[in-house]
Amino acid sequence: MENNPLVDVLLPAMLFVIMLGVGLTLTVADLREEARAPRGLIVGSLAQLVLLPILGFAIAASLRLPAPLAVGLVICAACPGGTVSNLLAHLGRANVALSLVLTVIASVGTIVTLPLAANLALEWKAASFGAPPSVPLGRTLGLLVGVVLVPVAIGMLIRRHAPNTAPRLERQLNRLGTAMLILLVVGLTASLSGRIPKLATKAGIPALLLNLGGVVIGFVVAVVARLPLRDQIACAIEMGTKNVALGMVVAITVLGSEAALPAAMYGLFMYVSGFALVLFGARRLPAAKPLLATASLPRDIRE
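Fair warning: this is a prediction, and the values are worked out from it, not measured in the lab.

Trainee: Is there a simple way to think about the overall build of the protein chain in this case?
Mentor: Counting secondary structure elements, the protein chain contains 13 helices and 0 strands. In sequence order, the protein chain lays out its α and β elements as α-α-α-α-α-α-α-α-α-α-α-α-α. The buried share of the protein chain, taken over its 303 residues, is 53%. A fraction of 85% describes how many contacts in the protein chain between residues 6 or more apart in sequence connect residues 24 or more apart. Only carbon and sulfur atoms are counted for the fraction: they give 68% of the accessible area of the protein chain, which is about 12,800 Å².

Trainee: Explain the nonpolar core to me, please; I cannot follow it from the model alone.
Mentor: Nonpolar side chains in soluble globular proteins tend to be buried together. With 81 residues, the main nonpolar core has L15, M19, I75, L114, L210, L246 and Y266 as its most contacted residues. The dominant element in this core, judged by the number of residues it contributes, is helix α6 (residues 96–124), at 11 residues. Not counting the four nearest positions on each side in its chain, I75 is found in contact with L114, A118, G247, V250 and A251.

Trainee: Just to check I follow, could you spell out unusual backbone geometry for this structure?
Mentor: In the Ramachandran plot, R64 falls in the positive-phi region, its phi being about 50 degrees despite a non-glycine side chain. Summarising the element assignment, R64 is placed in the loop between α3 (39–62) and α4 (67–77). Within the chain, R93 stands out as a residue other than glycine whose phi angle is a positive 60 degrees. Tracing the backbone through its elements, the reader meets R93 in the loop between α5 (83–91) and α6.

Trainee: Any chance you could explain helix α10 (residues 229–240) here in plain terms?
Mentor: One full turn of an α-helix is made of 3.6 residues, so residues set three or four places apart face in the same direction. An ideal rise of 1.5 Å per residue puts 16 Å on 12 residues; α10 measures up with 16 Å between its terminal C-alpha atoms. Of all 12 residues making up α10, 11 are buried, and the element is well covered by its neighbours. When α10 is considered as a whole, its buried residues turn out to be R230, D231, Q232, I233, A234, C235, A236, I237, E238, M239 and G240.

Trainee: Help me understand α4, please; the structure alone is not making it clear to me.
Mentor: In terms of burial, α4 is a largely internal element, 10 of the 11 residues being buried. Listing the buried residues of α4 in full gives A67, L69, A70, V71, G72, L73, V74, I75, C76 and A77.

Trainee: I keep staring at the packing of helix α11 (residues 244–254) against helix α12 (residues 261–284) and nothing clicks. Help me out?
Mentor: Each pair of packed helices can be summarised by the angle the axes make with each other and by the distance between the axes. Following both chains from N to C, one finds α11 and α12 inclined at 170 degrees, their axes separated by 9 Å at the closest point. Taken together, α11 and α12 sit at an angle that is classed as roughly antiparallel. Each of V244, G247 and M248 in α11 lies in contact with α12, whose residues at this interface are A263, Y266, G267 and M270. For the contact of α11 with α12, the per-class residue count stands at 5 nonpolar, 2 polar and no charged.

Trainee: Whenever I open this one, the environment of P80 confuses me. Can you help?
Mentor: Along the chain, the position of P80 falls in the loop between α4 and α5. When the C-alpha atoms of P80 and L49 are compared, they prove to be 7.6 Å apart, with 31 residues separating the residues in sequence. With residues near it in sequence (within four places) discarded, P80 still touches Q48, T103, A106, S107, T110, T241, K242, N243 and L246.

Trainee: Quick question: what am I supposed to make of the confidence of the model for the protein chain here?
Mentor: For any part of a model where pLDDT is low, the fine detail of the predicted coordinates should not be relied upon. Confidence in the prediction for the protein chain averages 80 pLDDT; 80% of positions are at 70 or higher. In the predicted structure, residues 288–303 sits below a pLDDT of 50 and forms 38 contacts with residues beyond four places in sequence or in another chain.

Trainee: What am I meant to see in the packing of aromatic side chains here?
Mentor: When we look at a pair of aromatic rings, we describe it by the centre distance and by the angle of the planes. Going through the model one piece at a time under the given rule, you end up with 2 aromatic pairs. For the ring pair F57 and W124, a centre distance of 5.7 Å and an interplane angle of 55 degrees mean the geometry is tilted. Taken together, the positions of F57 in helix α3 and W124 in helix α6 put the pair 67 residues apart, joining distant regions of the chain. Look at W124 and you get partly exposed, because its relative accessible area is 35%. Across from the ring centre of W124, 4.5 Å away, lies the NZ or CZ of K125, which sits over that ring.

What counts, and at which threshold
- Residues numbered from 1 in each chain as written.
- Predicted model: local features only at pLDDT ≥ 70, side-chain atom pairs only at ≥ 80, totals over all residues.
- Heavy atoms only, no water.
- Helix = DSSP H or I, 4+ residues; strand = E, 2+ residues; numbered from the N terminus.
- Buried < 20%, exposed > 50% of the residue type's maximum accessible area, 1.4 Å probe, protein only.
- Contact = heavy atoms within 4.5 Å.
- Areas by Shrake-Rupley, 256 points an atom, 1.4 Å probe, with all protein chains shown as cover.
- Core = buried A, V, L, I, M, F, W, Y, C linked by side-chain atoms within 4.5 Å.
- Expected span 1.5 Å × (residues − 1).
- Axes fitted to C-alpha atoms, helices over the stretch in contact; angles between N-to-C directions.
- Parallel < 35°, antiparallel > 145°, perpendicular 65-115°, else oblique.
- Nonpolar A, V, L, I, M, F, W, Y, C, P; charged D, E, K, R; others polar.
- pLDDT = per-residue confidence, 0-100.
- Phe/Tyr/Trp six-rings, centres within 6.5 Å; stacked < 30°, edge-to-face > 60°.
- Lys NZ or Arg CZ within 6 Å of the ring centre and 35° of its normal.

As structure tokens, then:
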């Protein structure tokens with residue numbers, strides 16, 4: 001575990017800001033809308049919380065990754081989708097309501113599944129560590145509740161009681177979160193010094209395979225469930241987009257900066273695949289009103 005301001009202060013604060021933004025985009029009406037036809041929620045949540053961590057293990061094993069990168073990749077795979085997925089779903093004419101609710105359900109479910117996946121990965125690679133580390137369960141659960149569940153709940157409350165203020169606040173939080181992420185990446189790069197090129201090469205291919213595999217899994221489960229194309233694209237975007245800030249929080253807390261590299265590299269690739277899906281949806285789907293009321297979207301999306 002590394003004791004420095006990036007890990008102890010900036011990283012949790014950044015994640016709190018990002019998840020508060022998620023809560024500001026969600027209403028109880030969104031949950032009701034998707035609950036009427038829950039197939040998308042069921043298959044999407046199972047894929048996000050179960051299939052993607054399994055894919056992370058498979059990639060790490062097949063590529064024989066060093067222990068820190070292998071554990072970091074599994075942690076990244078176990079992370080939920082991020083707020084970026086909701087914007088990409090809107091731009092790609094996909095089901096924005098499904099994307100929003102999947103993000104929140106996976107974020108809450110991750111409180112249990114992420115520590116589980118991380119501990120399984122650490123046990124798998126225990127022989128590579130002199131003193132086998134483990135995820136401090138109590139601290140990790142407290143961290144996840146504090147920086148995931150609490151800010152989402154606060155955001156939803158603000159959305160409910162100040163609907164006119166929420167979109168403006170969400171846009172400001174997105175900008176703040178982006179600035180904090182840039183500062184974090186710069187600090188992470190500095191902490192790894194001259195090892196960056198070598199480590200990035202090792203982490204890049206696994207992160208790319210995880211990203212592409214997530215997109216494929218999203219499409220496949222949606223097709224098997226006979227969901228419409230709008231839902232298929234939403235699932236593919238959701239499975240291909242990760243809350244990399246969360247992955248970096250847990251990875252650095254458990255093993256240090258090197259383990260956070262898969263999540264950092266994933267953060268680059270997910271934008272490429274995400275915009276490819278946006279172009280695909282824009283060409284294949286007609287322009288139509290989203291399932292969510294326009295007022296429930298952030299202002300920067302509506303504009």
